[in-house]
Amino acid sequence: EIIKKIKDGYSIAIMVDQRVSEGPRISFFNKEAHTTTIPAQIALKYNCKLVPIYIERKNGINFEMVIHKPYEITKTGVHKEDLKNNSLTINQNIENIGARRLHTIMEKLLENISYNASDIGPKKFQINKKYVEDHLEELIKSQDLSKFIL
């Protein structure tokens, strides 16, 4: 049914996850990981665009959706390599999303130090479990932190 929709010119959505136990091993955060090639297979076979969309829960029922430019699908004529290379591009996009999530957490964790750095002067800070709990307490209580974990 999905293939029929693609052939008829409809858009479809595919959620890509790295929790797969089969497929080729492709670099993901500098480690070889089983990776689904289904999005790349569809794009290559049906000449359709793959458009990455990132959705983040902001609070409660509010979400922010970012639509990125379509991936540049490469076709060299070597099917196995094309699958691997296009799947690598998808993995790299997922890595970038993960990096942005981590940056959000680190920014929140260090905002007080950064904001007051000129008044604090030369000083070392111990960033330990207690510091993290103290400075991220509100974030931890108010949000589902699973959105920051890949």
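Report on the accompanying structure.

Definitions and limits used
- Note on numbering: residues in each chain are counted from 1, in written sequence order.
- Note on the predicted model: pLDDT of at least 70 is required for a residue's local features to be given, and 80 or more for side-chain atom pairs to be given and counted; whole-chain, interface and lining totals, by contrast, use all residues.
- Based on all heavy atoms of the structure, the side-chain values leave hydrogens and waters out of the count.
- Stacked, tilted and edge-to-face pairs are distinguished by plane angle, under 30 degrees for stacked and over 60 for edge-to-face with tilted covering the rest, among Phe, Tyr and Trp rings (Trp via its six-membered ring) whose centres lie within 6.5 Å.
- Only protein chains enter the accessibility calculation, which uses a 1.4 Å probe; a residue is then buried when its area is under 20% of its type maximum, exposed when over 50%, and partly exposed in between.
- A ring has a charge above it when a Lys NZ or an Arg CZ is no more than 6 Å from the ring centre and no more than 35 degrees off the ring normal.
- For two strands to be treated as a pair, DSSP must find no fewer than two bridges joining them.
- Counting from the N terminus, the helices are the DSSP runs of H or I reaching at least four residues and the strands are the DSSP runs of E reaching at least two.
- The term salt bridge refers to a side-chain nitrogen of Lys or Arg lying within 4 Å of a carboxyl oxygen of Asp or Glu.
- The contact definition used throughout considers only heavy atoms, calling two residues in contact when any of these lie within 4.5 Å.

### What about the packing of aromatic side chains?
Taken as a whole and assessed by the stated rule, the structure comprises one aromatic pair. Judged by centre distance (5.0 Å) and plane angle (80°), the rings of F28 and F29 are edge-to-face. Judged by its relative accessible area of 13%, F28 falls in the buried class. Judged by its relative accessible area of 38%, F29 falls in the partly exposed class. Here the basic side chain of K5 rests over the ring of Y10, its NZ or CZ set 4.5 Å away from the ring centre.

### Quick word on the pairing of strand β2 (residues 31–34)
Pairing geometry for strand β1 (residues 25–28) and β2, over four bridges, is antiparallel. Each residue of the ladder has a partner; that of F28, found in β2, is K31. Taking the residues between adjacent antiparallel strands as the criterion, β1 and β2 are bridged by two residues, where F29 takes a positive phi near 50°.

### Quick look at helix α2 (residues 38–46)
Residues spaced three or four apart along an α-helix face the same direction, because each turn holds 3.6 residues. Those residues of α2 that fall on the buried side of the exposure criterion are P39, A40, I42, A43 and L44. At the C-terminal side of α2, N47 shows a positive phi close to 50°.

### Overview of the pattern of salt bridges
Two side chains of opposite charge can pair, provided their charged atoms sit close to one another. Counted according to the given criterion, the structure contains three salt bridges. Between K129 and E133 there is a salt bridge; the shortest N-O distance is 3.9 Å. With a gap of four residues between them, K129 and E133 both fall in helix α4 (residues 129–142), about one helical turn apart. Put simply, D134 and K130 hold a salt bridge, and the shortest N to O gap is 2.9 Å. Highlighted residues: D134 and K130, both in helix α4, separated by four residues, approximately one helical turn.

### Things to note about the environment of P52
On the secondary structure map, P52 appears in the loop between α2 and β3 (53–59). When the C-alpha positions of P52 and A13 are compared, they lie 9.7 Å apart, and in sequence the two are 39 residues distant. Not counting the four nearest positions on each side in its chain, P52 is found in contact with V66, I67, H68, K69, P70, Y71 and N93.

### With respect to the side chain of N93
Relative to the helices and strands, N93 is located in helix α3 (residues 79–120). Setting aside anything within four residues of it in sequence, one finds N93 in contact with P52 and Y71.

### Structural notes on the side chain of N86
Mapped onto the secondary structure, N86 falls in helix α3. Excluding residues within four positions of it along the chain, N86 makes contact with A40, L44, E72, I73 and T74.

The values are spatial; any link to function lies outside them.
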